[in-house]
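Coordinate analysis (summary)
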Amino acid sequence: MRAKYVLSEVAVGLWRNVTMTIAMIITMTVSLALLGSSVLLFLQVRDMKDYYYAEIEVAIFLTDEVTEEQRTALRDALSKDPLVRDTLYESKEQAYSRFREQFKDAPDLVEATKPDSLPASFRVKLTDPEKFDEIRTKYSDYEGVEEIVDQRAVLQKLFDILGSIQGLALVIAVIQGLAALLLVANTIQVAAYSKRREVSIMRLVGASNWFIQLPFILEAVFAGLIGAVLAYITLILGKVLLLDSDALKPLFEGVLTPLKWSHVHLMLPFLALVSSLISAITGWVTLRFYIKV
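Residues numbered from 1 in each chain as written. Predicted model: local features only at pLDDT ≥ 70, side-chain atom pairs only at ≥ 80, totals over all residues. Heavy atoms only, no water.

**Re the overall build of the protein chain**
When helices and strands are counted, the protein chain shows 11 helices and 4 strands. Burial status across the protein chain gives 40% buried among its 293 residues. Sequence separation of 24 or more characterises 84% of the internal contacts of the protein chain that already satisfy a separation of 6 or more. Carbon and sulfur atoms make up 64% of the accessible area of the protein chain, which totals about 17,300 Å². (Helix = DSSP H or I, 4+ residues; strand = E, 2+ residues; numbered from the N terminus. Buried < 20%, exposed > 50% of the residue type's maximum accessible area, 1.4 Å probe, protein only. Contact = heavy atoms within 4.5 Å. Areas by Shrake-Rupley, 256 points an atom, 1.4 Å probe, with all protein chains shown as cover.)

Here you go:
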């Protein structure tokens with residue numbers, strides 16, 4: 001009987017302040033969607049680091065005048081080096097063929113690049129990518145070596161950009177979250193004030209504080225859960241309509257690893273838990289310190 005009464009009071013309260021409830025749900029949806037995006041971006045950057053750092057290479061570019069003896073000597077040294085896990089030689093012709101394949105969607109760039117403009121190189125995978133400085137020191141003075149490039153430095157710029165976007169999304173989510181908390185507190189205050197007579201009667205007949213406060217807290221929790229579901233749907237639509245769309249997917253291929261559906265689905269219980277806890281705590285604090293019920 002008590003549960004039925006509490007649930008009916010929650011429904012009445014939500015309907016009585018329907019405009020504020022809708023505003024609270026919308027604000028909660030936006031803040032939770034941004035929070036979910038930030039968490040997904042964090043997981044994505046972590047997966048990308050694991051993937052790319054496992055495949056990372058050091059490129060040892062050779063001069064155009066390199067001789068066969070110099071190339072053989074360098075190959076033998078790399079094959080015996082304990083810092084080197086794998087070595088692959090790429091000729092000028094192979095480099096140009098790979099370039100044409102990578103930039104096939106930019107025909108003007110391909111046509112402007114001459115076949116002999118790309119140098120031959122050794123593509124080296126290290127047993128420990130952190131040991132690049134040792135490799136550069138050891139082989140930069142070899143005859144026939146023009147330049148040694150660490151691909152990790154290039155990737156780090158990408159990760160720095162993604163990290164900045166993640167931080168920005170998190171800051172916006174926090175600001176939106178604070179706005180949602182204020183709106184939750186204000187909604188509860190209005191709801192409690194509109195039912196002040198009922199509250200007074202319930203106190204006179206001996207109702208406990210929790211029994212009186214619970215409907216107000218559940219109103220906030222219910223609105224937060226709806227916001228979490230809508231935020232989860234927003235993340236799904238973002239993946240389907242943006243990341244996986246035929247128009248935008250080619251832009252991310254070769255740069256971003258695919259966003260896992262398991263990560264997206266994980267956001268529903270995570271956002272529901274966050275919104276429920278925040279709404280419940282905000283409701284309790286509001287009733288405890290600002291509303292005498």
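**A few points about the pairing of strand 3 (residues 121-126)**
Extensive coverage of strand 3 is indicated by the burial of 6 of its 6 residues. Burial of strand 3 is two-sided: the residues Ser 121, Arg 123 and Lys 125 facing one way and the residues Phe 122, Val 124 and Leu 126 facing the other way are all buried. Sheet analysis places strand 2 (residues 84-90) next to strand 3, joined by 6 bridges and oriented antiparallel. Residue pairing for strand 3: Asp 86 is matched across the bridge by Lys 125. (Pairing = 2+ DSSP bridges.)

**Side note on the packing of aromatic side chains**
In the structure shown here, the tally under the stated rule is 2 aromatic pairs. Aromatic side chains Tyr 89 and Phe 122 sit 5.2 Å apart centroid to centroid with 55° between the ring planes, which places their arrangement in the tilted category. You can see Tyr 89 sitting in strand 2 and its partner Phe 122 sitting in strand 3, a full 33 residues away along the chain. Their ring planes at 50° and their centres at 5.2 Å tell us that Tyr 139 and Tyr 142 sit as a pair that is tilted. (Phe/Tyr/Trp six-rings, centres within 6.5 Å; stacked < 30°, edge-to-face > 60°.)

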